[in-house]
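# Structural description and commentary
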Amino acid sequence: MTMKMKMKLKNVFMLYFLVSICGLMYALTQLGQPCDCTLHSRQSSDLVHSRDRTISRLQGELKRLQARGNPEGPPKPALPTIYTVTPTYTRLVQKAELTRLSQTLLHVPSLHWVVVEDSPVKTSLVSELLKRSGLPYTHLCTQTPKDFKLQEGDPNWLKPRGVEQRNLALQWLRENRGPSDEGVVYFADDDNTYSLRLFEEMRFTKRVSVWPVGLVGGVRFERPLVERGKVTGFYTAWKPNRPFPMDMAGFAVSLPLLLANPAARFHLSAQRGNLESSLLQTLVSIEELEPRASNCTKVLVWHTRTEKPKMKQEDALILQGLGSDPSIEV
Amino acid sequence: MPRRRSVLTTLLIVLPWTILLTIWHQNPATRYLTILRKETYENSSAKSLQFLINMTKIKEEQHTACTHQQEVTPAQQTARRYVYSRPPGWSRWLPTIYVITPTYTRPVQKAELTRLANTFLHVPNLHWIVVEDSPRRTNLVDSLLERSGLNFTHLNVESPKSVRIGLAKDSSHTPRGTLQRNLGLRWLRENLILSDSLEGVVYFADDDNTYSLELFEEMRSTQKVSVWPVAFVGGLRYEAPKVNTAGKVVGWKTVFDPNRPFAIDMAGFAINVRLVLKRPWANFQLSGVKGGYQETSLLKELVTIAELEPKAANCTKVLVWHTRTEKPTLVNEGRQGFTDLKVEV
């Protein structure tokens, strides 16, 4: 190669090298920048239109979900229906409790909410709430006989609560469901807390399934004792000698079993803590219980209780005739 | 000699391109770009969002690793970690609701957070910022958040003992949850970029209250600070802002100290996230706050009463309830404990 050509070649190489290094540096700095290319593209008008379309679609979805209160019952679903029986009574926190319970239940497929009010008539508060909830529901009401009703200042364990209401729900099921209907019945009080997994655990119950309940009986949790897949006893500190020493939230009964035992009901005369046993004794024996929640080692439901809100100022205002607007529902 | 030189030249030619290729393949940003080019806009909206999210997440991590941005002061030990998992119903156009929930370990904690998560799972574009009052993030909250399916950020900061035992009655002590809420605000300021296109709302949601789904749609359109009634506070059925016929807030319908600048509960207002970022000095005051003035200590830095936006049908509907959960009586646990501590409750 001649000298001149060599020089030219050298220059070409140098140029090439420089250009590629510069290009590389540029590309590296570009990659380090936050990429807001999608934000830039927002400026164009057709994207604004698609935004509007999405908003109206979401609003439509919202309206549809809100309007979806089907009281007649859904068409036969593929999954066995969970009939959630909730007795409720009018008090300050009722709307809040039912609201957050409905928010949990709305996640569960094939669920039918049976709400039974302790009241001579169905209240508009509960009726409206159920209509707006988006759940398939049945709204019933029956009043607890006066002798069995708790008075102001009574401790809450003095008389059994929700008995007549749960029995009315059982009666409704017997009158409206037949032997071909699959399902499971769960008694869900309106102040407890339920995880979504619980409902899937109970769905396929043959007779009566059981699981642990948290924060009940004065202990962190109560649970059935399970050996080799069978319930052999109960792990509870309070009155462990009851026939079925567990909480209302700790078991579910299959619908066919209930329908096959038309006399099975909760008894008002049951002693303190024996309400659950008054029903279960007529349905199953301990050996027939089906343990759930990983052989009863996981807590999927908590027996939470809500404080009664302090109304000191409200009461003072009412005495002065200046109580808060009763037309604003709380 | 010429051979070595030719080898050297070949090397010099090939080197820049190999460097470029290796970095190009490794960096997820470029993966995002190629995919975006391949698919149409409509189809890629979900996937590209995911990739954008992944890219920003990885970039954030690289950023913090390389630049060692100043960590928290020694007085507050925090560990942060966040995961963007695709939540139910995420729209590109709805403003995000950033919910800050302070929480602390007690028997009902898991139950409270569970039912709160069940509520939030219905709300599109919600980002849950859970701040534990604890020296370390607990496994209980960690696994609950992971399993919930929500977009979340898990933070923690420990309150001094005097606060935790609830000596808030003394005015020189910090009310409960203050440090945690401030950490939530700080996280927003450090992780969001202020721009005109940033849309979002910040809401302080305690873990024992009850929220209707309608509330979240009401607060989404907040321009500065919006307000609404709250039930079961101040010893009343509900407290509400006083709204005049022109739709402006003129006072407070409350019995307990109605002359406070902002006589409203923590659950009764929401702030536009741009306002939070524009005023980085606005925080809840840590000490010297009289009972009931905690909300004021933040809001006075952000708005005047005239700028408040009344929601919930001009503050005539109750969409949030200040419920409180009873402390469970664990009398039968005894001194040694009756139940197996390995079972999480």
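Structural notes, computed from the coordinates. (Residues numbered from 1 in each chain as written. Chains lettered and ligands numbered in written order. Predicted model: local features only at pLDDT ≥ 70, side-chain atom pairs only at ≥ 80, totals over all residues. Heavy atoms only, no water.)

## So, the overall build of chain A
Broken down by element type, chain A carries 11 helices and 12 strands. Expressed as a percentage of its 330 residues, the buried residues of chain A come to 47%. Once local pairs closer than 6 in sequence are excluded, the contacts in chain A between residues at least 24 apart make up 75%. Summed over all atoms, the accessible surface of chain A reaches about 17000 Å², with 57% contributed by carbon and sulfur. (Helix = DSSP H or I, 4+ residues; strand = E, 2+ residues; numbered from the N terminus. Buried < 20%, exposed > 50% of the residue type's maximum accessible area, 1.4 Å probe, protein only. Contact = heavy atoms within 4.5 Å. Areas by Shrake-Rupley, 256 points an atom, 1.4 Å probe, with all protein chains shown as cover.)

## Focus: the pairing of strand β7 (residues 213–216) of chain A
Residues and elements named next belong to chain A. As judged from the three bridges shared by β7 and strand β8 (residues 219–227), these two strands associate in the antiparallel manner. In the strand pairing of β8, Val216 is matched with Val219. If you look at the hairpin formed by β7 and β8, you'll find two residues sitting between the two strands, and Gly217 has a positive phi there, around 65°. (Pairing = 2+ DSSP bridges.)

## Considering unusual backbone geometry
Excluding glycine, residues mostly carry a negative phi; peptide bonds, for their part, are mostly trans. All names here are of chain A. Even without being a glycine, Ser294 presents a positive backbone phi close to 55°. Summarising the element assignment, Ser294 is placed in helix α10 (residues 293–296). One non-glycine residue, Asn295, lies in positive phi territory at about 55°. Within the secondary structure, Asn295 sits in helix α10.

## Some thoughts on the nonpolar core
Judged by nonpolar contacts, the single largest core of 36 residues is most densely connected at Val202, Phe204, Phe269, Ile271 and Leu298 of chain B. Here the element with the most residues in this core is helix α7 (residues 178–191) of chain B; it accounts for five residues. Apart from residues lying up to four places away in sequence, Phe204 of chain B is in contact with Ile100, Arg181, Leu185, Met266, Ala267, Phe269, Ile271, Phe284 and Leu298 of chain B. Residues Val85, Val163, Leu275 and Val284 of chain A belong to the second largest nonpolar core, which totals 35 residues. (Core = buried A, V, L, I, M, F, W, Y, C linked by side-chain atoms within 4.5 Å.)

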